[in-house]
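Residue-level listing of the chains:
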Amino acid sequence: VEIVNTAQRGHTMAVLASNGSTVSITNYDTYGNPNNATTMANALNAVASGNRVVLVVYDASSLNATARSAINTGYGSTNSNTWTSQRISHIFIGIKS
């Protein structure tokens, strides 16, 4: 099932309920506006426990310490160097604890 198909700059965040239904899909241009990384971190922190999050980057993106902390503490990531300002595609999938 295709959930996200994006060629936008920054992070696209899809939130899925535990049954797989889509709760929301939002794009945060974290490359063009660094403040959007904090906005995305707030959205990550607000996800209901047990929901899945898919973060997709197609092109340029950036994260700050607040967003990295939201990923590491809320979703169990242990990578303290999650995403730097690079023009590479990547994805993160996690379950909100």
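Above: the structure in question.
Residues numbered from 1 in each chain as written. Predicted model: local features only at pLDDT ≥ 70, side-chain atom pairs only at ≥ 80, totals over all residues. Heavy atoms only, no water.

A. Spatial organisation of the overall build of the protein. The number of helices and strands found in the protein is two helices and four strands. From first element to last, N terminus to C terminus, the protein shows the α and β order β-β-α-β-α-β. For the protein, buried positions account for 41% of its 97 residues. Excluding contacts between residues fewer than 6 apart, the proportion of contacts in the protein whose partners are at least 24 apart in sequence is 57%. Just so you have it, the protein exposes about 5100 Å², and 48% of that area is on carbon and sulfur atoms. (Helix = DSSP H or I, 4+ residues; strand = E, 2+ residues; numbered from the N terminus. Buried < 20%, exposed > 50% of the residue type's maximum accessible area, 1.4 Å probe, protein only. Contact = heavy atoms within 4.5 Å. Areas by Shrake-Rupley, 256 points an atom, 1.4 Å probe, with all protein chains shown as cover.)

B. Structural context of the sheet that holds strand 3 (residues 52-57). Reading across the sheet, the four strands line up as 2-1-3-4 and stay open at both edges, with antiparallel pairing between neighbours. Two strands in the sheet have a free side with no partner beyond their single neighbour: strand 2 (22-28) and strand 4 (90-95). In this sheet, adjacent strand axes meet at a mean angle of 15° when their direction is disregarded. The sheet contact formed by strand 1 (residues 11-16) and strand 2 spans six bridges and is antiparallel. Across the sheet, the residue bridging to Leu16 is Thr22, located in strand 2. Where helix 2 (residues 65-75) meets the sheet, it contacts strand 3 and strand 4, and its direction lies at approximately 40° from that of strand 4. (Pairing = 2+ DSSP bridges. Axes fitted to C-alpha atoms, helices over the stretch in contact; angles between N-to-C directions.)

C. Region of interest: the packing of aromatic side chains. All chains considered together, the criterion is met by one aromatic pair. Between Tyr75 and Phe92 the ring centres are 6.3 Å apart and the planes differ by 90°, which places this aromatic pair in the edge-to-face class. In this pair, Tyr75 is assigned in helix 2 and Phe92 in strand 4, connecting sequence segments 17 residues apart. A residue is classified by how much of its surface remains accessible, and Phe92, at 15% relative accessible area, is buried. (Phe/Tyr/Trp six-rings, centres within 6.5 Å; stacked < 30°, edge-to-face > 60°.)

Function-wise, these values are silent; they only describe arrangement.
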